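Commentary on secondary and tertiary structure
Chain residues, written in single-letter form:
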Amino acid sequence: MGPSALFATSLFLFLIGLCQQVDGVGSKCDIYKGKWVYDASYPLYNSSDCPFIHLEFNGRPDHLYQNFRWQPTSCNLPRFNGKDFLRKFRGKIMFVGDSLSLNQWQSLTCLLHTAVPREPYISQRVDAISTFSFPNYGVSIMFLRNAFLVDIVNEKEGRVLKLDSIAGGRIWKGYYVLIFNTWHWWLLTGRKQPWDYIQDNNITRKGMNRMVAYRKALGTWARWVNLNVDPTKTKVFFQGVSPDHMDSRDWGDPAAKTCRGETWPMLSTAYPTGPPPSQDVLKRVLRRVPKAVRLLDITGLSQLRNDGHPSAFGYGGHRGNDCTHWCLPGVPDIWNELLFESLMQS
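Residues numbered from 1 in each chain as written. Predicted model: local features only at pLDDT ≥ 70, side-chain atom pairs only at ≥ 80, totals over all residues. Heavy atoms only, no water.

**Regarding the overall build of the protein**
The cut-off we apply is this: What counts as a helix is a DSSP run of H or I of at least four residues, what counts as a strand is a run of E of at least two, and both are numbered from the N terminus. Just to be clear, the radius of gyration here is over C-alpha atoms, and the globule rule we use is 2.2 Å times residues to the power 0.38. Residue contacts follow a heavy-atom distance rule, with two residues in contact if any of their heavy atoms lie within 4.5 Å. Note on areas: Shrake-Rupley with a 1.4 Å probe; residue coverage comes only from the protein chains shown. When charges are counted, Lys and Arg are positive and Asp and Glu negative, with His and the chain ends excluded. To locate a charge, take atom NZ for lysine, CZ for arginine, CG for aspartate or CD for glutamate.
Each helix and strand in the protein was counted, giving 7 helices and 13 strands. Expected size for 346 residues packed as a compact globule is a radius of gyration near 20 Å; at 20 Å, the protein falls within 12% of this value. Relative to all contacts within the protein whose residues are 6 or more apart in sequence, the contacts with residues 24 or more apart total 77%. Working note: accessible area of the protein is about 15900 Å², and carbon and sulfur atoms make up 52% of it. Separation of charge centres in the protein, based on 40 positive and 29 negative side chains, amounts to 5 Å.

**A word on the packing of aromatic side chains**
Here is the rule: Here a pair means two rings of Phe, Tyr or Trp (six-membered ring of Trp) with centres within 6.5 Å. Their orientation is stacked below 30 degrees between planes, edge-to-face above 60, and tilted elsewhere. Per-residue accessibility, obtained with a 1.4 Å probe over protein chains only, is compared with the maximum for each type, and a residue is labelled buried under 20%, exposed over 50%, and partly exposed between these values. Placement of a positive charge over a ring is assigned whenever Lys NZ or Arg CZ falls within 6 Å of the ring centre and within 35 degrees of the normal to the ring plane.
Applying the stated criterion across every chain yields a total of 23 aromatic pairs. Look at Tyr38 and Phe68: their rings are 5.7 Å apart centre to centre, the planes differ by 85 degrees, and that puts the pair in the edge-to-face class. With a gap of 30 residues between them, Tyr38 in strand E1 (residues 34-38) and Phe68 in strand E2 (residues 68-72) connect regions that are remote in the sequence. The pair formed by Tyr38 and Phe68 is uniform in burial state, with each residue classed as buried. A ring pair is formed by Trp172 and Phe180, whose centres lie 4.9 Å apart and whose planes are at 65 degrees; its orientation type is edge-to-face. With respect to class, Trp172 is no different from Phe180; both count as buried. Pairwise contacts between aromatic rings join Phe80, Phe85, Phe89, Tyr176 and Phe340 into one cluster. Its end group placed over the ring of Tyr175, Lys92 keeps NZ or CZ at 4.9 Å from the ring centre.

**Focus on the sheet that holds strand E5 (residues 129-134)**
The following threshold applies: Between any two strands, pairing holds if DSSP finds at least two bridges. Only C-alpha atoms enter the line fits that serve as axes; for helices the fit covers just the stretch in contact. Angles between N-to-C directions range over 0 to 180 degrees.
Pairing is mixed across the open sheet formed by 7 strands, whose spatial order is E4-E5-E6-E3-E9-E12-E13. The sheet is open, and its two edges are formed by strand E4 (122-126) and strand E13 (293-296), each paired on a single side. Put simply, the sheet's adjacent strands are angled 20 degrees from each other on average, direction ignored. Sheet analysis places E4 next to E5, joined by 5 bridges and oriented antiparallel.

**What about the pattern of salt bridges?**
To keep it simple, the criterion reads: Salt bridges are identified by distance alone: a Lys or Arg side-chain nitrogen within 4 Å of an Asp or Glu carboxyl oxygen.
Summed over all chains, the structure comprises 9 salt bridges. In this structure, Arg87 and Asp84 form a salt bridge, with 3.3 Å as the shortest nitrogen-oxygen distance. Of this pair, Arg87 and Asp84 both sit in helix H2 (residues 82-88), 3 residues apart, which is roughly one turn of that helix. In this structure, Lys162 and Glu155 form a salt bridge, with 2.7 Å as the shortest nitrogen-oxygen distance. Its relative accessible area of 14% is what places Lys162 among the buried residues.

**What to know about the state of the cysteines**
Where two cysteines share a covalent bond between their sulfur atoms, that bond is called a disulfide. Put simply, the rule is: The rule for a disulfide is simple: a pair of cysteine sulfur atoms within 2.5 Å.
In the structure shown here, the tally under the stated rule is 3 disulfides. With its sulfur 1.9 Å from that of its partner, Cys29 forms a disulfide with Cys75. The S-S bond linking Cys29 to Cys75 shows a torsion near -55 degrees; that makes this disulfide left-handed. Remark: Cys75 occurs in the loop between E2 and H2 and Cys29 occurs in the loop between helix H1 (3-19) and E1; sequence separation between them is 46 residues. Each member of the pair, Cys29 together with Cys75, is buried. Through a disulfide, Cys259 is tied to Cys323; the S-S separation comes to 2.1 Å. Residues Cys259 and Cys323 are joined through a disulfide that is left-handed, its torsion about the S-S bond being -85 degrees. Of this pair, Cys259 sits in the loop between strand E12 (235-239) and helix H5 (277-287) while Cys323 is found in the loop between helix H6 (299-303) and helix H7 (331-345), placing the two residues 64 residues apart along the sequence. Residue classification places Cys323 among the buried residues on the basis of a relative accessible area of 1%. No disulfide involves Cys327; its nearest neighbouring cysteine sulfur is the one of Cys259, lying 8.5 Å away.

This is how it looks when you write it as structure tokens:
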């Protein structure tokens, strides 16, 4: 596509985006149902203003994928306001999960830093906890890497993944907002698998159906929430399953093979293959949690963003092809707009 054609197409999509804006968020609006529209006012920040973004999230030389915002069908999603966030949500906020939580945590720290670029901040890592804080606002945004939520314990026979043990949860107490995530590491096999055995109800075995193990671990997490969370003091979210785009047949383009080279999102409202089974398992577990847990339901809208991954410009450079993580600026910024709106509503 030549420069003139690209400009014309971008202008057309921008005008469509303006026409599709409707009234603000209301109580009956599902902010997770909608479509991606071109918006020249995006991205929400320049990556050059956030020197702490990991290189594997910020290496693509093209930028068109940054110019799309999420448009709910029945309302507008308010633009992220970093100053309002810092004023309204003072205290400690923790992301707990794998590198997809890291992706969202880095997005939020950048959104906030660029909103108040002259405010002093402290960025540090102690053991497994990374912290980005704004002392003058009394706000700390933390990330704790914990890919399974349940415990992995080194024992005589090897590393044991304990589906009914969550001793690590003691670190999660005392936070104003908790955002959890787990899924992708449950799929690892061979040398990449970080455990040797699985234990459930004191029965230790070499393997187990991964979806069953995932469901059991989520059940253990749900029991921890019920026993340890006071909803009047702590707001709990669960990040929905973040999709990958390793097989282009999933979005109806077998010629593309993977996300590599993709530069446009799907402009439809639904993904051809529907939600992944892991998302259905997560929703069933969350329905059984008596205490208030909000699903940050990013799965469906992220499935439409086959263009938003680092691909050959991520971890490992051109030797790899990252269709799992997301570029920054990019899709995780929209996750944080959705988080911000959910916090405002709650």
